[in-house]
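Observations on chain architecture
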Amino acid sequence: MDRFSKFNPRVTFLFFVLTMVLTLAIFNPVYSSISLLSAIFYKFKLEGKRTVGYVLKFIVPLLVLVSLFNMLFTHYGATALFTAFDMSFTFEGLFYGFSQGLIFSAIVTWFSCYSVVVTSERFLSVFGKVAPNTAIVLSMVLSFIPRLKKNGSEINDARLLIDTENSRLKKSISNFSALITMTLEESIQVAESMKARYFCNGRTSYSRFRYSYKDAVLTILLVALFIVVAVFKALGRLSFIFEPVITMESISPMALAAYSFLMLMPVIIDVTEDVRWLYLKQRI
C-alpha cells in the first residue's frame, strides 16, 4: 500500500511539481540519476514487478538511443572514442546525450507516477475552488489518452477474430474508425450528462479531502528542501561541465542530501510506516 498517496492532493501535487522543476532545472548527471532512480523506486512501489519491464523496455533503450544520437551529431570534447569520415566521436558527446536521456527518462517516469497518484478526483480537489471550470476541462483532457488506449484495446480484442482474411492494415483502419466513433459517442454522452446536471449554472465545488497537520508538516518540509536546493543552484554550486573535458566543479553534501531526501520522500514515508508497523506488530 502506498501511504504517500493518502496525503492531501495539494501535498502530492506540490511534490510532483517540485520534483519535475528541479529535474529540469539541474543539468547534472549525478542529480538526474538520483531523480530517475527515485522515480523508479516509487513506480515499483506503485506498480510492483511491472516496473522491471518498464525499465528494460523503455528506460534502457531510451538512454542508449539518446546517448548514441547525441554522439553522432555533436563532435565537441577532447576525448575521442573513434574517428570516421574525418569526424571524431567523443566521450563527452556520448556522456552529454546520456545526461539528457536521464532527465527525459526521469520526467516521463515521474509523470507515470503522477497519473497513478493524482487521479481526476484529486486534481479537481486541488483546483476545484480556484478555477473549477478550468480544472474539470484539464481533468477531462488528461484522462482522454488513458481512456482512448483502453477503448482501443477493447475494440482490438472484440474484433480479433473478425475479418481474418483482411490485411493487417485494413484491420487497423477499421479498428481506428470504430475507436473514433466510440470516442465521439462518449463525448456526446458526457456533454448531455453535464448539461442535464446544470453544469456552470451556480456550480459549487466539494472535496472529501481534509488538510491535516501532517499535510502541513510535509508541505513545509518539501518547500524547505526545495528552497535549499534552489539556493545552491542559484549560487552555481550544482554546475557540471561537459566540454572540453567532463568536470564537476564542486559537490555540496548539503544540497545533495536535500535533493535526495526530497526525491525519495514517498519511498521514505512508506519505508518508515512499514518499519513502524513491524515494530508495533512485534509488541503485540
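Residues numbered from 1 in each chain as written. Predicted model: local features only at pLDDT ≥ 70, side-chain atom pairs only at ≥ 80, totals over all residues. Heavy atoms only, no water.

1. So, the overall build of the protein
The helix and strand tally for the protein stands at 11 helices and four strands. Here the analysis covers contacts within the protein between residues at least 6 apart in sequence; of these, 74% occur between residues at least 24 apart. Summing over all exposed atoms, the protein offers an accessible surface of approximately 17600 Å²; the carbon and sulfur share of this is 68%. (Helix = DSSP H or I, 4+ residues; strand = E, 2+ residues; numbered from the N terminus. Contact = heavy atoms within 4.5 Å. Areas by Shrake-Rupley, 256 points an atom, 1.4 Å probe, with all protein chains shown as cover.)

2. A few points about the nonpolar core
With 44 residues, the main nonpolar core has Phe15, Phe16, Trp110, Leu218, Leu222 and Tyr259 as its most contacted residues. Every element with two or more residues in this core is listed here: helix H1 (9–25), helix H2 (29–47), helix H3 (50–73), helix H4 (91–117), helix H5 (120–127), helix H9 (213–234), helix H10 (253–263) and helix H11 (265–283). For this core, the leading source of residues is H4, giving eight residues. Sequence-distant contacts of Phe16, defined by excluding residues within four places in its chain, comprise Tyr42, Trp110, Cys113, Tyr114, Val117 and Val118. (Core = buried A, V, L, I, M, F, W, Y, C linked by side-chain atoms within 4.5 Å. Buried < 20%, exposed > 50% of the residue type's maximum accessible area, 1.4 Å probe, protein only.)

3. Observations regarding the environment of Gly97
Position of Gly97 among the secondary structure elements: in helix H4. Between the C-alpha atom of Gly97 and that of Leu72, which follows or precedes it by 25 residues, the distance is 9.9 Å. With sequence-adjacent residues up to four places away left out, Gly97 is seen in contact with Val66, Ser67 and Asn70.

4. Looking at the confidence of the model for the protein
Per-residue confidence for the protein gives a mean pLDDT of 81; residues scoring 70 or more make up 81%. Put simply, helix H6 (residues 132–142) is where the protein has its lowest mean pLDDT, 65, and H10 is where it has its highest, 93. (pLDDT = per-residue confidence, 0-100.)

5. A few points about a nonpolar patch on the surface
Side chains of Phe44, Val52, Leu56, Val60, Val64 and Leu68 sit close together on the surface and give an oily, nonpolar patch of about 520 Å² of accessible area. The biggest single contributor to the nonpolar patch is H3, with five residues. Tracing the backbone through its elements, the reader meets Val64 in helix H3. (Patch = residues over 30% accessible without salt bridge, like charges linked within 9 Å, V, L, I, M, F, W, Y side chains within 5 Å. Salt bridge = Lys/Arg side-chain N within 4 Å of Asp/Glu carboxyl O.)

6. Thoughts on the environment of Leu218
Looking at where Leu218 falls in the secondary structure, it is placed in helix H9. On the basis of relative accessibility, which here comes to 6%, the residue Leu218 falls in the buried class. Linking Leu218 and Met265, residues 47 residues apart in sequence, is a C-alpha distance of 9.4 Å.

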